[in-house]
Amino acid sequence: MRLNKFLSMIICVTLFSLLYVYQQTEILRLAYSEQRQYAVFQELLDKNSILRYNIEKNCSLVNIGGSVSNHADFQMPDKYQLVRLVPSREGVTLAQGAARKETMLSRVFGIKRQAEARTINP
C-alpha cells in the first residue's frame, strides 16, 4: 500500500509540475505576442505621423506657391505696381495711364512706412 501511495503522489506532483510549466510557457508566449503587436502598433503610429506630416507639408502655402511657380511660369514682380483692367469688346485690356494721381489729401493721410516684423524677447 505504501508503494501505491508513493506512486500516486509522484504522478500527482508530476502532473502539477507539467501544468505549471505549461502555464509559464503560455504566459511567455502571450507576452512575446503582445510585444510583437505593440511593435507593429508603434510602427503604424510612426507611419501615421509621417503621413500626417507629408499631408500638412504638401498643403502648406509655401509648397503650393512653389508648385505654382514651378509649373505655371508664375513670376512675382520686382516692385509693387497697380494695374487697372478695362472691359472692352475684344476682352479685357490694360488701361493707359493707370498711375495714381498724388493729391494733397493722399500726401497728408498716406502711409509711407512699411510693415516690419519684430521679435518679442521675454
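Given the structure is predicted, the values throughout are model-derived calculations rather than measurements.

*Asks:* Outline the overall build of the protein chain, listing residues and values.
*Replies:* Of regular secondary structure, the protein chain possesses 3 helices and 2 strands. Out of the 122 residues in the protein chain, the part that is buried amounts to 1%. When the accessible surface of the protein chain is totalled, it reaches about 13,000 Å², and 61% of it is carbon and sulfur.

*Asks:* Would you mind going over a nonpolar patch on the surface in detail, with residue names and values included?
*Replies:* A surface patch of nonpolar side chains, amounting to about 410 Å² of accessible area, comprises Leu 3, Phe 6, Leu 7 and Ile 10. With respect to the element layout, Leu 7 can be found in helix 1 (residues 2-58).

*Asks:* Lay out the pattern of salt bridges in plain terms, naming residues and giving numbers.
*Replies:* Following the criterion strictly, the structure yields 2 salt bridges and no others. Of the charged contacts in the structure, one is a salt bridge between Glu 26 and Arg 29, with a shortest N-O distance of 2.7 Å. Taken together, the positions of Glu 26 and Arg 29, both in helix 1 and 3 residues apart, correspond to about one turn of that helix. For Glu 26, a relative accessible area of 25% corresponds to the partly exposed category. Here Glu 43 ties to Lys 47 by a salt bridge, and the two come within 3.7 Å at their closest N and O atoms. Taken as a pair, Glu 43 and Lys 47 lie in helix 1 at a separation of 4 residues, close to a single helical turn. Relative accessible area serves as the criterion here: at 44%, Glu 43 is assigned to the partly exposed category.

*Asks:* Talk me through the confidence of the model for the protein chain; I want residue IDs and the actual numbers.
*Replies:* Interpretation of this model should avoid reading the predicted coordinates in detail wherever pLDDT is low. Mean pLDDT over the protein chain works out to 77, with 58% of the residues at or above the 70 mark. Highest mean pLDDT in the protein chain belongs to helix 1 (92); lowest belongs to helix 2 (residues 61-71) (63).

Procedures and definitions
- Residues numbered from 1 in each chain as written.
- Predicted model: local features only at pLDDT ≥ 70, side-chain atom pairs only at ≥ 80, totals over all residues.
- Heavy atoms only, no water.
- Helix = DSSP H or I, 4+ residues; strand = E, 2+ residues; numbered from the N terminus.
- Buried < 20%, exposed > 50% of the residue type's maximum accessible area, 1.4 Å probe, protein only.
- Areas by Shrake-Rupley, 256 points an atom, 1.4 Å probe, with all protein chains shown as cover.
- Patch = residues over 30% accessible without salt bridge, like charges linked within 9 Å, V, L, I, M, F, W, Y side chains within 5 Å.
- Salt bridge = Lys/Arg side-chain N within 4 Å of Asp/Glu carboxyl O.
- pLDDT = per-residue confidence, 0-100.

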